[in-house]
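Chain by chain, the residues:
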Amino acid sequence: QVQLVESGGGLVQPGGSLRLSCAVSGRTFSSYYVMGWFRQAAGKEREFVAAIKWSAGTIHSADSVKGRFTISRDSAKNTVYLQMNSLKPEDTAVYYCAADRGNVLLTRSIEYDYWGQGTQVTVSS
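Residues numbered from 1 in each chain as written. Predicted model: local features only at pLDDT ≥ 70, side-chain atom pairs only at ≥ 80, totals over all residues. Heavy atoms only, no water.

**Student:** Help me understand the side chain of Thr-79, please; the structure alone is not making it clear to me.
**Tutor:** Among the structural elements, Thr-79 can be located in strand β8 (residues 79–84). Among the residues examined, Thr-79 registers a relative accessible area of 10% and is labelled buried. Looking at Thr-79, its side chain comes within polar contact range of the main-chain oxygen of Lys-77, at 2.9 Å. Once residues lying within four places of it in the same chain are set aside, the contact partners of Thr-79 are Ser-21, Cys-22, Ala-23, Trp-54, Ser-72, Arg-73 and Asp-74. (Helix = DSSP H or I, 4+ residues; strand = E, 2+ residues; numbered from the N terminus. Buried < 20%, exposed > 50% of the residue type's maximum accessible area, 1.4 Å probe, protein only. Polar contact = N/O pair within 3.5 Å; in protein donor to acceptor, adjacent residues only side chain to side chain. Contact = heavy atoms within 4.5 Å.)

The following block contains the structure:
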(Lines give C-alpha, C1' and ligand atoms only; values in the text may rest on other atoms or scores of the structure.)
Protein backbone atom coordinates (compact mmCIF):
# COMPACT_ATOMS: atom_id res chain seq x y z
CA GLN A 1 0.00 0.00 0.00
CA VAL A 2 1.01 3.59 -0.66
CA GLN A 3 -0.29 6.62 1.21
CA LEU A 4 -0.32 10.12 -0.25
CA VAL A 5 -0.95 13.32 1.68
CA GLU A 6 -1.21 16.64 -0.16
CA SER A 7 -0.66 20.06 1.34
CA GLY A 8 0.00 23.63 0.28
CA GLY A 9 -3.32 24.64 -1.23
CA GLY A 10 -5.04 27.92 -0.48
CA LEU A 11 -6.33 31.20 -1.82
CA VAL A 12 -4.07 33.20 -4.14
CA GLN A 13 -4.55 36.21 -6.38
CA PRO A 14 -4.26 35.92 -10.16
CA GLY A 15 -0.62 35.99 -11.19
CA GLY A 16 0.48 34.57 -7.86
CA SER A 17 2.27 31.34 -6.98
CA LEU A 18 1.72 28.29 -4.81
CA ARG A 19 3.70 25.13 -4.20
CA LEU A 20 1.81 21.94 -3.53
CA SER A 21 3.46 19.05 -1.72
CA CYS A 22 2.61 15.37 -1.70
CA ALA A 23 4.18 13.27 1.03
CA VAL A 24 4.55 9.63 -0.01
CA SER A 25 4.72 6.70 2.41
CA GLY A 26 4.12 2.98 2.43
CA ARG A 27 6.25 -0.13 2.61
CA THR A 28 5.62 -1.02 -1.02
CA PHE A 29 6.72 2.33 -2.38
CA SER A 30 9.95 2.30 -4.35
CA SER A 31 11.73 4.18 -7.11
CA TYR A 32 9.74 2.12 -9.63
CA TYR A 33 6.77 4.45 -9.38
CA VAL A 34 5.23 7.21 -11.43
CA MET A 35 3.70 10.18 -9.63
CA GLY A 36 1.04 12.44 -11.05
CA TRP A 37 -0.88 15.58 -10.27
CA PHE A 38 -4.49 15.95 -11.36
CA ARG A 39 -7.11 18.59 -10.72
CA GLN A 40 -10.86 18.70 -10.67
CA ALA A 41 -12.84 21.90 -10.90
CA ALA A 42 -16.43 22.08 -9.67
CA GLY A 43 -18.75 20.36 -12.13
CA LYS A 44 -15.92 19.14 -14.34
CA GLU A 45 -14.04 15.92 -14.86
CA ARG A 46 -10.69 15.25 -13.27
CA GLU A 47 -7.90 16.33 -15.60
CA PHE A 48 -4.22 15.57 -15.90
CA VAL A 49 -1.76 18.27 -14.86
CA ALA A 50 1.71 16.71 -14.72
CA ALA A 51 3.57 13.46 -14.08
CA ILE A 52 7.09 12.41 -13.13
CA LYS A 53 9.02 9.15 -13.11
CA TRP A 54 10.38 8.77 -9.62
CA SER A 55 13.62 7.09 -10.64
CA ALA A 56 14.72 9.17 -13.64
CA GLY A 57 12.89 12.42 -12.90
CA THR A 58 11.46 12.50 -16.42
CA ILE A 59 8.42 14.75 -16.57
CA HIS A 60 5.39 15.45 -18.72
CA SER A 61 2.94 18.31 -18.34
CA ALA A 62 -0.41 19.22 -19.81
CA ASP A 63 -0.33 21.93 -22.46
CA SER A 64 -2.56 24.12 -20.31
CA VAL A 65 0.12 24.42 -17.62
CA LYS A 66 3.38 24.21 -19.57
CA GLY A 67 5.64 27.12 -18.77
CA ARG A 68 3.70 27.86 -15.57
CA PHE A 69 3.65 24.65 -13.51
CA THR A 70 6.62 22.43 -12.69
CA ILE A 71 6.53 18.97 -11.15
CA SER A 72 9.52 17.72 -9.18
CA ARG A 73 10.43 15.19 -6.50
CA ASP A 74 12.75 15.01 -3.54
CA SER A 75 13.80 11.40 -3.02
CA ALA A 76 15.34 12.10 0.38
CA LYS A 77 12.03 13.48 1.64
CA ASN A 78 9.79 11.12 -0.34
CA THR A 79 7.87 14.14 -1.50
CA VAL A 80 6.52 15.29 -4.86
CA TYR A 81 5.98 18.96 -5.56
CA LEU A 82 3.92 21.02 -7.96
CA GLN A 83 5.24 24.55 -8.28
CA MET A 84 2.49 26.72 -9.75
CA ASN A 85 3.32 30.17 -11.08
CA SER A 86 1.32 32.78 -12.98
CA LEU A 87 -1.88 31.32 -11.61
CA LYS A 88 -5.14 32.06 -13.36
CA PRO A 89 -8.74 31.87 -12.12
CA GLU A 90 -9.26 28.85 -14.38
CA ASP A 91 -6.63 26.98 -12.33
CA THR A 92 -9.10 26.92 -9.44
CA ALA A 93 -9.73 23.28 -8.53
CA VAL A 94 -9.07 20.54 -6.04
CA TYR A 95 -5.60 19.20 -6.79
CA TYR A 96 -4.86 15.52 -6.27
CA CYS A 97 -1.62 13.61 -6.05
CA ALA A 98 -1.57 10.10 -7.52
CA ALA A 99 0.85 7.18 -7.74
CA ASP A 100 1.18 4.06 -9.82
CA ARG A 101 3.80 1.35 -9.88
CA GLY A 102 5.64 1.38 -13.17
CA ASN A 103 7.90 3.41 -15.41
CA VAL A 104 5.52 5.00 -17.90
CA LEU A 105 4.33 8.58 -17.65
CA LEU A 106 0.58 8.17 -17.27
CA THR A 107 -1.94 10.87 -18.10
CA ARG A 108 -5.27 9.16 -17.44
CA SER A 109 -6.62 9.13 -13.91
CA ILE A 110 -7.98 5.60 -14.31
CA GLU A 111 -4.40 4.32 -14.67
CA TYR A 112 -3.34 5.40 -11.18
CA ASP A 113 -3.89 3.08 -8.22
CA TYR A 114 -3.24 5.41 -5.30
CA TRP A 115 -4.69 8.83 -4.54
CA GLY A 116 -4.42 11.51 -1.93
CA GLN A 117 -7.36 13.31 -0.39
CA GLY A 118 -6.86 16.48 -2.43
CA THR A 119 -6.08 20.09 -1.61
CA GLN A 120 -8.14 23.10 -2.68
CA VAL A 121 -6.53 25.82 -4.80
CA THR A 122 -8.55 28.96 -5.36
CA VAL A 123 -7.32 31.74 -7.64
CA SER A 124 -9.34 34.88 -7.13
CA SER A 125 -8.92 38.58 -6.51
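So, next bit.
**Student:** Any chance you could explain the nonpolar core here in plain terms?
**Tutor:** Generally speaking, nonpolar side chains in soluble globular proteins are found buried as a group. Grouped together as the largest cluster of nonpolar side chains are 37 residues, with contacts concentrated most on Leu-4, Met-35, Trp-37, Leu-82, Met-84 and Tyr-95. Elements with a contribution of two residues or more to this core: β3 (18–25), β4 (33–40), β5 (47–53), β7 (69–74), β8, β9 (93–101) and β11 (119–123). Among all residues touching Leu-4, those that are not within four sequence positions of it are Cys-22, Ala-23, Val-24, Met-35, Cys-97, Ala-98, Ala-99, Tyr-114, Trp-115, Gly-116 and Gln-117. (Core = buried A, V, L, I, M, F, W, Y, C linked by side-chain atoms within 4.5 Å.)

**Student:** In this structure, what is going on with the state of the cysteines? I would like to understand it.
**Tutor:** Here, the word disulfide means a covalent bond between the sulfur atoms of two cysteines. As enumerated under the stated definition, the model contains 1 disulfide in all. Put simply, Cys-22 and Cys-97 are joined by a disulfide, and their sulfur atoms are 2.1 Å apart. Sign of the S-S torsion, about -80° for the bond between Cys-22 and Cys-97, identifies this disulfide as left-handed. Here the residue Cys-22 occupies a position in strand β3, and Cys-97 occupies one in strand β9, the gap between them amounting to 75 residues. The same class applies to Cys-22 as to Cys-97, namely buried. (Disulfide = S-S within 2.5 Å.)

**Student:** What should I look at first to understand the packing of aromatic side chains in this one?
**Tutor:** The geometry of an aromatic ring pair is captured by two quantities: the separation of the ring centres and the angle between the planes. Evaluated as defined, the whole model comprises 7 aromatic pairs. Aromatic side chains Phe-38 and Trp-115 sit 5.2 Å apart centroid to centroid with 55° between the ring planes, which places their arrangement in the tilted category. Of this pair, Phe-38 sits in strand β4 while Trp-115 is found in strand β10 (residues 114–115), placing the two residues 77 residues apart along the sequence. Taken together, the aromatic side chains of Phe-38, Phe-48, Tyr-96, Tyr-112 and Trp-115 make up a single cluster linked through ring pairs. In this structure, Arg-46 packs its charged tip against the face of Tyr-96, placed 3.8 Å from the ring centre. The ring of Trp-115 carries Arg-46 above its face, with NZ or CZ at 4.7 Å from the centroid. (Phe/Tyr/Trp six-rings, centres within 6.5 Å; stacked < 30°, edge-to-face > 60°. Lys NZ or Arg CZ within 6 Å of the ring centre and 35° of its normal.)

**Student:** So what exactly am I meant to see when it comes to the sheet that holds β3 here?
**Tutor:** For sheets, the rule is that strands pair by backbone hydrogen bonds, running either parallel or antiparallel. Strand order in the open sheet formed by 4 strands is β1-β3-β8-β7, and the pairing between neighbours is antiparallel. Looking along the sheet, the strands with just one partner apiece sit at the ends: β1 (3–7) and β7. Adjacent strand axes in the sheet meet at a mean angle of 15°, parallel and antiparallel pairs treated alike. With 6 bridges joining them, β7 and β8 adopt antiparallel strand pairing. Among the inter-strand pairings, Asp-74 is bridged to a residue of β8, identified as Thr-79. (Pairing = 2+ DSSP bridges. Axes fitted to C-alpha atoms, helices over the stretch in contact; angles between N-to-C directions.)

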